[in-house]
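The residues making up each chain are set out below.
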Amino acid sequence: MSEAFARAKVVDTADELITKIDGVVGGKPCFKGTRRPNETVLSSLEKGIPEDRVLDEYSLTSDQLTAAQVYAQVHPQRGRPVRLGSAKPPAQRRSSFSSTNA
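Predicted model only: the values in this text are computed from it and were never measured.

Comments concerning the pattern of salt bridges
- Under the criterion given, the structure shown has two salt bridges.
- Of the charged contacts in the structure, one is a salt bridge between R7 and E3, with a shortest N-O distance of 3.7 Å. Remark: E3 and R7 occur in helix α1 (residues 2-17); sequence separation between them is four residues, near one turn of the helix. The same class applies to R7 and to E3, which are both exposed.
- With a closest N to O distance of 3.1 Å, K28 and E39 form a salt bridge. Remark: E39 occurs in helix α2 (residues 38-46) and K28 occurs in the loop between β1 (18-19) and β2 (30-31); sequence separation between them is eleven residues.
- Residue K28 is classed as partly exposed on the basis of its relative accessible area of 36%.

Here is the structure:
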């Protein structure tokens with residue numbers, strides 16, 4: 001039973017260190033008090049960047065890094081991942097002729 005309480009405490013700590021606020025970075029989970037998305041840090045780790053370098057580059061503590069990993073496991077993203085090309089609509093071409101000149 002104490003193991004379950006310990007895991008619950010780790011999840012509670014992650015929920016305290018990672019926040020999700022509408023209007024801040026599109027409502028993505030960020031480190032509390034920052035605009036640094038959780039997924040940015042985790043993708044750096046997934047690409048093989050060493051933990052100590054990630055901690056240094058993003059000015060994080062090891063507790064925050066652990067919280068990011070726990071938060072991502074407990075609160076997985078839903079839906080399809082957004083592709084870079086689909087994040088913005090394509091640019092519209094402007095005609096050299098305007099309807100007012102016709």
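What about α2?
- Among all positions in α2, only N38, V41, L42, S44 and L45 are buried. The buried residues of α2 occupy one face: seen down the axis, they fall within an arc of 155 degrees.
- Contacts from the buried residues of α2 go to β1, β2, α3 (51-57) and α4 (62-74).
- Taken from the residues just after α2, G48 is the one with a positive phi, measuring 95 degrees.

A word on the packing of α1 against α4
- The contact between α1 and α4 brings their axes to 8 Å, and the two run at 105 degrees. By the angle class used here, α1 and α4 are roughly perpendicular. Contacts between α1 and α4 pair V10, V11, A14, D15 and L17 from the former with D63, Q64, A67, V70, Y71 and V74 from the latter.
- When the residues that make up the contact of α1 with α4 are grouped by side-chain class, the tally is eight nonpolar, one polar and two charged.

Concerning the nonpolar core
- By size, the foremost hydrophobic cluster in this structure holds 15 residues, and its most contacted members are I18, F31, V41, V54, L60 and L65.
- At the level of secondary structure, the elements contributing two or more residues to this core comprise α2, α3 and α4.
- If you tally residues by element for this core, the top one is α4, at five residues.
- When sequence neighbours within four positions are dropped, the list of residues in contact with L60 reads F31, V41 and L55.

Concerning the packing of α2 against α4
- Interhelical geometry of α2 versus α4 gives an angle of 100 degrees and a closest axis separation of 10 Å. Regarding the angle of α2 to α4, the classification is roughly perpendicular. The residues of α4 that touch α2, namely those facing N38, V41, L42 and L45, are L65, A68, Q69, Y71 and A72.
- Split by residue class, the contact of α2 with α4 holds seven nonpolar, two polar and no charged.

Topic: α4
- In this model α4 runs 18 Å from its N-terminal to its C-terminal C-alpha over 13 residues, within 8% of the 18 Å that 1.5 Å per residue would give.
- Every buried residue of α4 is accounted for by Q64, L65, A67, A68, V70 and Y71.
- As for α4, its buried residues are in contact with α1, β1, β2, α2 and α3.

Criteria and cut-off values
- Residues numbered from 1 in each chain as written.
- Predicted model: local features only at pLDDT ≥ 70, side-chain atom pairs only at ≥ 80, totals over all residues.
- Heavy atoms only, no water.
- Salt bridge = Lys/Arg side-chain N within 4 Å of Asp/Glu carboxyl O.
- Helix = DSSP H or I, 4+ residues; strand = E, 2+ residues; numbered from the N terminus.
- Buried < 20%, exposed > 50% of the residue type's maximum accessible area, 1.4 Å probe, protein only.
- Arc of directions from axis to C-beta.
- Contact = heavy atoms within 4.5 Å.
- Axes fitted to C-alpha atoms, helices over the stretch in contact; angles between N-to-C directions.
- Parallel < 35°, antiparallel > 145°, perpendicular 65-115°, else oblique.
- Nonpolar A, V, L, I, M, F, W, Y, C, P; charged D, E, K, R; others polar.
- Core = buried A, V, L, I, M, F, W, Y, C linked by side-chain atoms within 4.5 Å.
- Expected span 1.5 Å × (residues − 1).

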